2 protein chains.
Amino acid sequence: MPPSSIPEIVIGRLPLYLRTLSRMAAAGKEYTSSHELGQYLGISSAQIRKDLSHFGEFGKQGTGYNIAYLSGQLKRILKLESVWDVALIGVGDLGRAIAHYQGFIDRGFRVAAVYDTDPDKIGMKIGDLAIEDFSKMETDIQKRNIRVAMLAVPFSEAQNVTDILLKAGIKAILSYAPISIKVPSDVHVEYIDPVLHLQKMTFFLDK
Amino acid sequence: MPPSSIPEIVIGRLPLYLRTLSRMAAAGKEYTSSHELGQYLGISSAQIRKDLSHFGEFGKQGTGYNIAYLSGQLKRILKLESVWDVALIGVGDLGRAIAHYQGFIDRGFRVAAVYDTDPDKIGMKIGDLAIEDFSKMETDIQKRNIRVAMLAVPFSEAQNVTDILLKAGIKAILSYAPISIKVPSDVHVEYIDPVLHLQKMTFFLDK
C-alpha cells in the first residue's frame, strides 16, 4: 500500500509497537502475539493486526510474531535501518538535556549538529559536538543534507527558527516549545507536550 | 458511563481535543465541529463523536460545538478544574528546564515541590521554589498530599525513586527517563519519549 493511503494515526502506533518489541527482546522473549502486544499497550489485538496488515504479513497462525523479525520489518518500514542525523537548535537547560540524552542512537537518531545564538556558547563543547553559530545554520544544514531538527528554543523564537529550518530543507521538526508552529504540508511536526501526558492521568485520580 | 469502562486510548485523546479547542479559542473562534476538529488532528469525525459520546451530548446538530462549553466539559471530565500540585524529582539540566516550563499552570498543573540528592543544590532556588532534600521527600509528599510526580533523574535511579514515590502515595508519574518503570496497577505512568515522535516522522521522509 502506498504510504499516502495509510492513516497517520496508524503510522504513529508503529514506533510504540517497535518500542514494546525491543523491551520484550531485552527481557529475553523471542515470540509474541497481537494479543500480548495489545495487553501491554492497551490496544485491541484486532487493531494491531489491522495496523500491521497495511504493510504485509508478519506473523504465523499459532506461533505469533518472531520479535526480532517483526522489529526488523518495523525498522525498515519506519526507515530506521540507518541512522538519521538530527540538528538541535537551542542550548539552554533543555537543549543540554537533549544533547546528553542516551536514548537516541540505539533507536535510529544521532544529534549531529547543535546551534545557538549566544556568542558565549558558540564553540563550547557539548558531549563530542561543538556548539555552532546559529547564523550559519541554514547553509550548514543544507550542505550536510540534514532533514530532521529538534527545537529547544524559547517559544517566542520558535516560528522564526522554524522558518529558517524550512529554508534549509528540514522536513521533520520535533518541537519542545509550548506553541503551535506553521509549516507547509510536506513538512512534519511533532510536539513534546508534557501536559498532554499529565492530563491523561488525572482522569483516573481521585481529587 | 463509569470511568473503568471507557478505553484508556479514548481518555488519551481528550487532552488532544482540549488543546486543539484552546488553540481555536485563542485564535478567536467560538464554534467548531467534529469534522473541523478531526481535520486538525487527523482523526475521523466519527471517532471524535464516538469518543465524546462516552461522556454526554456536547454539540448541537447544525451549530456544532461551542468551544468554551466543550473545553469546560473536558476540563471537568479530566479533573482539571482546579490545579494539581506536582512534585519534580531531579534538578539536572532537564529538571531545571521542566521547572521553568511556562506551559503547566494554564493547563491544570503547578510544580509545587522540587527534590534532589545533591547537597550543593538543596536549598538553592529554582524559580520561586527552594530545592528540597530528597531524603525528606517521602514524608513531605505524604504530608502535602501530592499525588502527581515528574521524574527527571538518571535512568539508573528511576526505579529506586519510583519505589519511594509509591510509598509516599504518588498515583501518577510522568517519567523522562528512557527506561520502563514498574508500578502497581492503580498507579499511572506516562513517558516522555522524543524518539517515538521522531520515528513517527521518518516514515514520511525520503532517505
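For the structure, check the block above.
Residues numbered from 1 in each chain as written. Chains lettered and ligands numbered in written order. Predicted model: local features only at pLDDT ≥ 70, side-chain atom pairs only at ≥ 80, totals over all residues. Heavy atoms only, no water.

(A) Fine view of the overall build of chain A. Along the backbone of chain A there are eight helices and 10 strands. Principal axes of the C-alpha set define a box for chain A whose edges measure 60 × 50 × 35 Å. Out of the 207 residues in chain A, the part that is buried amounts to 48%. In chain A, the share of contacts with a sequence separation of at least 24, taken over all contacts with a separation of at least 6, comes to 55%. As displayed, chain A offers around 9900 Å² of accessible surface, 52% of which is attributable to carbon and sulfur atoms. Each charge class in chain A was averaged separately, 24 positive and 23 negative side chains, and the resulting centres sit 6 Å apart. (Helix = DSSP H or I, 4+ residues; strand = E, 2+ residues; numbered from the N terminus. Buried < 20%, exposed > 50% of the residue type's maximum accessible area, 1.4 Å probe, protein only. Contact = heavy atoms within 4.5 Å. Areas by Shrake-Rupley, 256 points an atom, 1.4 Å probe, with all protein chains shown as cover. Lys, Arg positive; Asp, Glu negative; His and termini not counted. Charge placed at Lys NZ, Arg CZ, Asp CG, Glu CD.)

(B) Structural view of the interface of chain B and chain A. Contacts between the two partners involve 61 residues from chain B and, on the opposite side, 61 residues from chain A. Between chain B and chain A, the buried area comes to about 6300 Å², and carbon and sulfur atoms account for 68% of it. In terms of surface lost to chain A, no three residues of chain B exceed Gln199, Phe203 and Lys207 of chain B, which account for 12% of the buried area on that side. Among the salt bridges present, the one from Arg96 of chain B reaches Asp93 of chain A, with a minimum N-O distance of 3.3 Å. Applying the counting criterion to the chain B and chain A interface returns 22 residue pairs in polar contact (both at pLDDT 80 or more). Grouping the amino acids of the side of chain B that touches chain A by side-chain chemistry returns 38 nonpolar, nine polar and 14 charged. (Buried area = accessible area lost by both parts, 1.4 Å probe. Salt bridge = Lys/Arg side-chain N within 4 Å of Asp/Glu carboxyl O. Polar contact = N/O pair within 3.5 Å; in protein donor to acceptor, adjacent residues only side chain to side chain. Nonpolar A, V, L, I, M, F, W, Y, C, P; charged D, E, K, R; others polar.)

(C) Highlighting the relation of the copies chain B and chain A. Overlay of chain B on chain A (RMSD 0.0 Å): rotation 180°, translation along the axis 0.0 Å. What the rotation and shift describe, once combined, is the action of a two-fold rotation axis. Closest approach to the rotation axis among the C-alpha atoms of chain B is made by Asp93 of chain B, whose C-alpha sits 2.4 Å away. (Least-squares fit on C-alpha atoms with pLDDT ≥ 70 in both.)

(D) Summary view of the pattern of salt bridges. Taken as a whole and assessed by the stated rule, the structure comprises 21 salt bridges over all chains. For Lys29 of chain A, the salt bridge goes to Glu36 of chain A, with nearest N and O atoms at 2.9 Å. The exposure class assigned to Lys29 of chain A is partly exposed, which follows from its relative accessible area of 33%. Sharing partners across several salt bridges, the network here consists of Asp93 and Arg96 of chain A together with Asp93 and Arg96 of chain B.

(E) Up close: the sheet that holds strand E3 (residues 64-66) of chain B. All names here are of chain B. The sheet built from three strands is open, its strands ordered E1-E3-E2 with antiparallel pairing. Two strands lie at the open edges of the sheet, namely strand E1 (31-32) and strand E2 (59-60), each paired on one side alone. Bridging between E1 and E3 involves two bridges; their strand directions are antiparallel. Considered in E3, the bridge of Thr32 is made with Tyr65. (Pairing = 2+ DSSP bridges.)

(F) Representation of the sheet that holds strand E4 (residues 84-89) of chain B within the structure. Taken together, seven strands build an open sheet; the order of strands is E6-E7-E5-E4-E8-E9-E10 (chain B) and the sheet is mixed. At either margin of the open sheet sits one strand with a lone partner, and together these are strand E6 (125-126) and strand E10 (188-191) of chain B.

(G) Structural detail: unusual backbone geometry. The phi dihedral of Lys79 of chain A is positive, around 60°, even though this residue is not glycine. The exposure class assigned to Lys79 of chain A is partly exposed, which follows from its relative accessible area of 26%.

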